[in-house]
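# Structural overview
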Amino acid sequence: MAVKVEVKSGENTQLLKGIERFQKTKPQFVSVGFIQGGKQNRKADESTNAGLAYINEHGSPYRHIPARPFLIPAFNASADLAESLISQGMSRELVQPGSIAQGLGQAGTLIRDKAKSNIVNSVGMKALSPVTLKAREKICFKGTKPLIHTGQLLNSITYVVK
């Protein structure tokens with residue numbers, strides 16, 4: 001969709017300056033999930049949080065791990081509100097520089113928090129198997145929620161605006 005704006009010289013210099021600034025704005029985006037170089041807190045011989053998240057999000061028949069999606073449902077559940085936050089930021093950018101990044105940050109926070117909530121509340125997740133529960137008992141870990149053991153996976157979900 002193209003928009004043509006005509007402002008005659010001297011009519012509204014603030015609007016002209018805002019449009020010029022908007023046109024010079026670099027494309028921006030938000031990434032939510034397990035950002036490369038982000039918080040890992042894992043030993044060198046362990047899988048990365050991103051790798052563990054992928055396995056749990058999609059499941060692994062080979063390892064007898066059922067799919068326990070948490071990130072994709074967070075995106076889906078938050079899409080309309082995230083789009084609205086970004087749109088509001090774009091609308092404000094002409095008069096308030098930095099509003100696009102602010103809207104993207106709000107959308108990132110929304111999706112990140114929903115993904116974490118999905119894990120904490122085990123939303124739509126299959127319960128742990130008796131074998132897994134027994135293995136946890138052997139190491140004196142009494143937790144019964146899927147995807148929560150050390151908290152590293154949960155705490156590494158983040159977002160970045162670029």
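Please refer to the structure placed before this passage.
Described below are features of the structure shown in this document. (Residues numbered from 1 in each chain as written. Predicted model: local features only at pLDDT ≥ 70, side-chain atom pairs only at ≥ 80, totals over all residues. Heavy atoms only, no water.)

### With respect to the nonpolar core
Formed by 16 residues in total, the largest nonpolar core has its most connected members in Phe-34, Phe-70, Ala-115, Ile-119, Leu-147 and Ile-157. When residues of this core are traced back to their parent elements, those giving at least two are helix 3 (71–92), helix 4 (99–120) and helix 6 (152–155). It is helix 4 that provides the largest number of residues to this core, a total of 4 residues. Look past the residues within four positions of Ala-115 in its chain and what remains in contact with it is Phe-70, Leu-71, Ala-74 and Ile-157. (Core = buried A, V, L, I, M, F, W, Y, C linked by side-chain atoms within 4.5 Å. Buried < 20%, exposed > 50% of the residue type's maximum accessible area, 1.4 Å probe, protein only. Helix = DSSP H or I, 4+ residues; strand = E, 2+ residues; numbered from the N terminus. Contact = heavy atoms within 4.5 Å.)

### Examining the packing of helix 3 against helix 4
At a minimum axis distance of 8 Å, the contact between helix 3 and helix 4 shows a crossing angle of 165°. One element, helix 3, and the other, helix 4, form an angle in the roughly antiparallel class. Both helix 3 and helix 4 take part in a crossing whose hand is right-handed. Its residues assigned to classes, the contact of helix 3 with helix 4 shows 16 nonpolar, 7 polar and 2 charged. (Axes fitted to C-alpha atoms, helices over the stretch in contact; angles between N-to-C directions. Parallel < 35°, antiparallel > 145°, perpendicular 65-115°, else oblique. Left-handed = near helix turned anticlockwise from the far one by under 90°. Nonpolar A, V, L, I, M, F, W, Y, C, P; charged D, E, K, R; others polar.)

### Side note on the side chain of Asn-56
Assignment of secondary structure puts Asn-56 in helix 2 (residues 49–58). Assessed through its relative accessible area of 13%, Asn-56 is described here as buried. Within polar-contact distance, the side chain of Asn-56 engages the backbone oxygen of Leu-52 at 2.9 Å. If we skip the residues at most four places from it in the chain, Asn-56 touches Ile-65, Pro-66, Ala-67, Arg-68, Pro-69 and Leu-147. (Polar contact = N/O pair within 3.5 Å; in protein donor to acceptor, adjacent residues only side chain to side chain.)

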